[in-house]
Amino acid sequence: MTYTGEVKVGGPADVHELADLMISKVAVGSMNNNAYLLRCRATDEQLLIDAAAEADTLLSLIGDDGIASVVTTHRHGDHWGALAEVVAATGARTYAGAYDAEGIPVPTDVPVADGDTVRVGRVELTARHLVGHTPGSIALVYDDPHGHAHVFTGDCLFPGGVGNTHGDAKAFASLIDDVEHKLFGELPDETWVYPGHGNDTTLGAERPHLAEWRERGW
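Here we take up unusual backbone geometry. One non-glycine residue, Asp50, lies in the positive phi region at around 65 degrees. Tracing the sequence through the fold places Asp50 in the loop between strand E4 (46-49) and helix H1 (55-62). Owing to a relative accessible area of 1%, Asp50 belongs among the buried residues under this scheme.

Laid out in structure tokens, this is it:
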């Protein structure tokens, strides 16, 4: 089946099969959050991005192999609602942006800074610190050696714009600057974007609208 990234709460996961990595996307919770399970094909080690809600759903997706780690993209409660239960069940290491860790009630084992590497088996992900939606939001970039890049953006980038900054002009300027420089400025149009809610997109689909987003201020 061709991966589309279109999932709904209560429905099945959609699986994006890459040469070295399998990415399973599932929607959970009342805010239609996306959670992503990454599995290294060489080692079968697994990493979860955002234990957002519905611990039973996430643990079923994880399966008997468990997870080595779970990354929380930012401090907002809809992104860590099932974190305590998932960690208790799996013993996973916890990762979060260094400036958001204090706002997450489950202790962060590994505070993450801009440019840090997060590994799942033999696969390396690069963290990018994006300031504005929260002080310590992080995106994770997988630069696939066999194809194009993939980026997990949390609530910092969606189809149609950057994340909500609640009318704070300074926060919006910071977020769009970081997104433009650290994502659009460094990654190609083919880069696949996996957001914290809703459907996927690509940087190429969104790039023509950057000036429009700046002009409208959200």
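Our focus in this paragraph is the packing of aromatic side chains. Evaluation of the coordinates by the stated rule reveals seven aromatic pairs. Seen from their ring centres, Tyr36 and Tyr194 are 5.6 Å apart, and the 80 degrees between their planes marks the pair as edge-to-face. Here Tyr194 lies in strand E14 (residues 192-195) and Tyr36 lies in strand E3 (residues 33-40), a separation of 158 residues in the sequence. Of the two residues examined, Tyr36 and Tyr194, each falls in the buried class. Taken together, a centroid distance of 6.5 Å and an interplanar angle of 45 degrees make the contact between Trp192 and Tyr194 tilted.

Here six strands make up an open sheet; going across it, the order is E8-E9-E10-E11-E14-E15 and the pairing mixed. Single-partner strands in this sheet number two, and they are strand E8 (117-120) and strand E15 (201-202). For E14 and E15, the ladder comprises two bridges, and the chain directions are antiparallel. Paired with Trp192 across the two strands is Thr202, which belongs to E15. Most of the contacts of helix H3 (residues 169-184) go to strand E9 (residues 123-129), to which it runs at about 155 degrees, and overall it touches E9, strand E10 (138-143) and strand E11 (149-154).

Before going further, it helps to spend a moment on the side chain of Asn33. Relative to the assigned elements, Asn33 resides in strand E3. Judged by relative accessible area, which is 2%, Asn33 ranks as buried. Polar side-chain contacts of Asn33 include one of 3.0 Å to the backbone oxygen of Asp78. Each residue touching Asn33, except ones within four places of it in the same chain, is listed here: Val26, Ala27, Val28, Ala52, Asp78, His79, Gly196 and His197.

Right, let's get into the pattern of salt bridges. A full pass over the atoms with the stated rule returns 13 salt bridges. Here Lys25 and Asp200 are joined by a salt bridge, their closest N and O atoms 2.6 Å apart. Of this pair, Lys25 sits in strand E2 (residues 21-28) while Asp200 sits in the loop between E14 and E15; the two residues are 175 residues apart in sequence, bridging distant segments of the chain. Judged on exposure class, the residue Lys25 and its partner Asp200 are both buried. Arg128 is the partner of Glu186 in a salt bridge, and the nearest nitrogen-oxygen pair spans 2.7 Å. Of this pair, Glu186 sits in the loop between H3 and E14 while Arg128 sits in strand E9; the two residues are 58 residues apart in sequence, bridging distant segments of the chain. Residue classification places Arg128 among the buried positions, given a relative accessible area of 13%. By sharing partners, the salt bridges in this structure join Asp114, Arg128, Lys182 and Glu186 into a single network.

What counts and what doesn't
- Residues numbered from 1 in each chain as written.
- Predicted model: local features only at pLDDT ≥ 70, side-chain atom pairs only at ≥ 80, totals over all residues.
- Heavy atoms only, no water.
- Helix = DSSP H or I, 4+ residues; strand = E, 2+ residues; numbered from the N terminus.
- Buried < 20%, exposed > 50% of the residue type's maximum accessible area, 1.4 Å probe, protein only.
- Phe/Tyr/Trp six-rings, centres within 6.5 Å; stacked < 30°, edge-to-face > 60°.
- Pairing = 2+ DSSP bridges.
- Contact = heavy atoms within 4.5 Å.
- Axes fitted to C-alpha atoms, helices over the stretch in contact; angles between N-to-C directions.
- Polar contact = N/O pair within 3.5 Å; in protein donor to acceptor, adjacent residues only side chain to side chain.
- Salt bridge = Lys/Arg side-chain N within 4 Å of Asp/Glu carboxyl O.

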